[in-house]
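Tertiary structure, described
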Amino acid sequence: MNILPKPFRIDIGEGGFSFRADGKVATDMPVIAAMFGGADAASRVRFRKGDTEWDYELKITKQGVTALAATEEGLFHAAVTLLQLTGGSLETDLPVCTVYDKPRFGYRAGMIDVSRHFFGVDVIKKMIDTMALFKFNHLHFHVSDDQGFRLRIDALPKLHQIGSERKGTCGDGEPHGGYYTKAQIKEIVDYAAERFIEIVPELDLPGHTRAIVAAYPELSCSGKATEVASWFGIHSKILCTGKERVYEALDKIFAEMAEMFPGKLFHLGGDEVAKLEWAKCPDCAATYRREGLKNLEELQGYFTNRVINMLKKYGKTPILWNEALNSGTLDKSAVVQYWTTDRPSAEKVKKAVQEGRKVIMSRCAPYYLDYPCGVHSLKAMYELEPLEELGKESEKGIMGVECPLWTEHVADAETLFRRFYPRALAVAETGWSAPGKDRADFMERLKGVLFLLDRKGVVYTPLDECDPGKIKSALQAAAFGMKMQRRCDPTSARNWRSMRLREPRV
Ligand SMILES: [Zn+2]
């Protein structure tokens, strides 16, 4: 049966049941009624709350359909499964069966980077709408980076006045900008909540903050004026760790973001911190000496734990990219998002998860959706099994899975959706379904649910382009590599890792 992600258990009976022509269902949840022909208390397709050990049970008999769940979220999942079973036509005979279902992981996410390219509310809502049809329950919203700050913070208005606008993109000379008002964020958050998706905002700190220091140069080490980055790559104009005004400004941002995003999770970034300016800064040096630190990684650790403590008063659980483990001092409450592909990082993440830290599996290869199919194929994404990477004993430590979509090279909505779908559905399946892969079965079910994307007018990569052969893959990989090089700031700090900065030189 074409259900994706694959349910935990299906007991198949004999015969079928057909919706009445109008396809109405008995539910008091408008979001479910809207998925079918509307609500009608007399319908033989009933959604009701009640006790069950499962996320939901969906029972289809010749007489009717009963969806049972203890929560509204469970009922929504049952509705999604039922919608998939219709195959796009409410006249279809549904097979007599009972589905017993529950998710493997509690965190199943996609990420959209709205900093490198800005996408309006309608695009974000369309993404949420479609993700919900495959039981994703989080959208990681990357709203701040070197190339643009995308929120309005009333206490720090230059963040949107200056930080949301750049002069061009990789030399094209065309200004690019945009930010979300508080009313727009509320619209997005509410829309997502109705579909049982939590928006996880990311304020990437302390690196990837050139848009913030362009707005408020006094928050950087040098205090010198700079512009919002118009090239990609890793930038070294970042927040200072030694100036108290940095923490005061961050607290103001946290206060407003915590209100805008009522969910439990809050991403603090922590990746790719080029510490070139820290190494020359007297304020960073003073912090370094006062705290008795041994290297610049520990200085990042000090900064990170301090902002985590600030965030705690808003009741949030922090998530950080896995480089945050490098200090060796990361606060125990922090969740780590594992993205890098190098062996030392893998060892650190493995050790952390075995010591009880929660980890999100998000490894760049193959989960980064900005790479073409020839580099990160649908097959590779489907076949990644988190336990094989992190060890059998890590099941409890794995909070879930996430496929990020960075947008350095994604400037329009069509490309955004084409990159996201259908590959993200492989990640949806890994996040929800019990372990054990069967690719042929997955592909059959995938074909059977794509009508949901067609119906929403979403353009996705055709299946025959999702797993290109060796030659096409090599060509795509070469072209993508060249594009990345060409669009990186020639003066960017992308080689900072080799610079062996161990402590401030002042
Ligand atoms: Zn500094």
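Quick caveat: nothing in here was measured; it's all calculated off a predicted structure. (Residues numbered from 1 in each chain as written. Predicted model: local features only at pLDDT ≥ 70, side-chain atom pairs only at ≥ 80, totals over all residues. Heavy atoms only, no water.)

**As for unusual backbone geometry**
Backbone geometry follows two general trends: most residues other than glycine have a negative phi, and most peptide bonds adopt the trans configuration. The linkage connecting leucine 205 with the following residue, proline 206, adopts the cis geometry, with an omega of -10 degrees. Positionally, proline 206 belongs in the loop between β11 (198-205) and α6 (210-215). A cis amide bond links alanine 365 to the next residue, proline 366, at an omega of 10 degrees. Tracing the backbone through its elements, the reader meets proline 366 in helix α11 (residues 364-367). A positive phi angle is found at phenylalanine 196, which is not glycine, with a value near 60 degrees. A positive phi angle is found at glutamate 272, which is not glycine, with a value near 45 degrees. Structurally, the position occupied by glutamate 272 is in the loop between β12 (265-269) and α8 (282-290). (Helix = DSSP H or I, 4+ residues; strand = E, 2+ residues; numbered from the N terminus.)

**With respect to the side chain of serine 115**
Within the element layout of this structure, serine 115 appears in the loop between β6 (107-113) and α3 (121-132). Separated by 2.8 Å, the side chain of serine 115 and the backbone oxygen of glycine 148 make a polar contact. Filtering out sequence-adjacent residues up to four positions away, serine 115 remains in contact with His142, Val143, Ser144, Asp145, Gln147, Gly148, Arg150 and Arg166. (Polar contact = N/O pair within 3.5 Å; in protein donor to acceptor, adjacent residues only side chain to side chain. Contact = heavy atoms within 4.5 Å.)

**So, the coordination of the zinc ion**
Looking at the zinc ion, one finds its protein donor set to be Cys221 (SG), Cys240 (SG), Cys281 (SG) and Cys284 (SG), positioned 2.3 to 2.4 Å from the metal centre. Coordination geometry of the zinc ion: the four donor atoms subtend angles of 105 to 114 degrees at the metal centre, consistent with an arrangement described as tetrahedral. Read N to C, the donor residues that coordinate the zinc ion are spaced as C-x18-C-x40-C-x2-C. Note that cysteine 221 is positioned in the loop between α6 and α7 (244-260) and cysteine 284 in helix α8, a separation of 63 residues in sequence. Pair check on accessibility: cysteine 221 and cysteine 284 agree, each one buried. (Donors = N, O, S within 2.8 Å, 3.2 Å for Na, K, Ca; no water. Tetrahedral: all angles 85-135°; square planar, octahedral: opposite > 155°, others 65-115°. Buried < 20%, exposed > 50% of the residue type's maximum accessible area, 1.4 Å probe, protein only.)

**Some details on α3**
Here α3 spans 16 Å end to end across twelve residues, near enough to the 16 Å set by a 1.5 Å rise per residue. Burial within α3 is extensive, with ten of its twelve residues counted as buried. Val121, Val123, Ile124, Lys125, Met127, Ile128, Asp129, Thr130, Met131 and Ala132 are the residues of α3 that are buried. (Expected span 1.5 Å × (residues − 1).)

**Looking at the sheet that holds strand β2 (residues 45-49)**
Taken in spatial order, the five strands line up as β1-β5-β3-β4-β2 in an open sheet, and their pairing is mixed. The open sheet has two edge strands, β1 (9-18) and β2, and neither has a second partner. Looking at each pair of strands side by side, their axes are set apart by 20 degrees on average, direction ignored. Two strands pair when backbone bridges link them, and β1 and strand β5 (residues 93-101) are joined in this way by seven bridges, in the antiparallel orientation. Bridge pairing in β5 places serine 18 opposite aspartate 93. On the sheet, helix α2 (residues 72-86) packs against β2, β3 (56-60), β4 (65-69) and β5 and is oriented at approximately 40 degrees with respect to β3. (Pairing = 2+ DSSP bridges. Axes fitted to C-alpha atoms, helices over the stretch in contact; angles between N-to-C directions.)

**Structural notes on the nonpolar core**
With 148 residues, the main nonpolar core has Phe47 and Leu250 as its most contacted residues. Split by domain, the residues of this core number at least three in each of domain 1 (9-101) and domain 2 (107-499). (Core = buried A, V, L, I, M, F, W, Y, C linked by side-chain atoms within 4.5 Å. Domains from an automatic or database assignment.)

**Notes on the domain arrangement of the protein chain**
Per the domain assignment, the segments making up the protein chain are domain 1 (9-101) and domain 2 (107-499). On a C-alpha basis, the centroid separation for the pair domain 1 and domain 2 is 36 Å. Seen at the junction of domain 1 and domain 2, the total is zero salt bridges. Linking domain 1 with domain 2 are four residue pairs in polar contact (both at pLDDT 80 or more). Taken together, the residues of the side of domain 1 that touches domain 2 break down into seven nonpolar, six polar and four charged. (Salt bridge = Lys/Arg side-chain N within 4 Å of Asp/Glu carboxyl O. Nonpolar A, V, L, I, M, F, W, Y, C, P; charged D, E, K, R; others polar.)

**A short note on the packing of α8 against helix α9 (residues 296-312)**
If you want to describe how two helices pack, look at the angle between their axes and the distance between the axes. Running from amino to carboxyl end, α8 crosses α9 at an angle of 90 degrees, the nearest separation of the two axes being 10 Å. Compared by their axis directions, α8 and α9 come out roughly perpendicular. For the pair formed by α8 and α9, the contact residues are Cys284, Thr287, Tyr288 and Arg290 on the first element and Leu296, Leu299 and Tyr302 on the second. Looking at side-chain class alone, the contact of α8 with α9 contains five nonpolar, one polar and one charged residues. (Parallel < 35°, antiparallel > 145°, perpendicular 65-115°, else oblique.)

**Thoughts on the pairing of β11**
With seven of eight residues buried, β11 lies mostly within the body of the structure. As defined by bridge partners, β11 adjoins β12 across two bridges and the pair is classed as parallel. Considered in β12, the bridge of glutamate 202 is made with histidine 267.

**Let's talk about the packing of aromatic side chains**
Tallied over the full model, the rule gives 18 aromatic pairs. Centre to centre, the rings of phenylalanine 141 and tyrosine 180 are 5.4 Å apart; their planes meet at 40 degrees, and the pair counts as tilted. Residue phenylalanine 141 is found in strand β7 (residues 138-145), and its partner tyrosine 180 is found in the loop between β10 (176-177) and α5 (182-194); the two are separated by 39 residues along the sequence. Given a relative accessible area of 0%, phenylalanine 141 falls into the buried group. For tyrosine 180, a relative accessible area of 0% corresponds to the buried category. By the ring-pair criterion, three or more aromatic residues cluster together here, those being Phe134, Phe136, Phe420 and Tyr421. Of note, lysine 126 hangs over the ring of phenylalanine 417, and the distance from its end group to the ring centre comes to 5.7 Å. (Phe/Tyr/Trp six-rings, centres within 6.5 Å; stacked < 30°, edge-to-face > 60°. Lys NZ or Arg CZ within 6 Å of the ring centre and 35° of its normal.)

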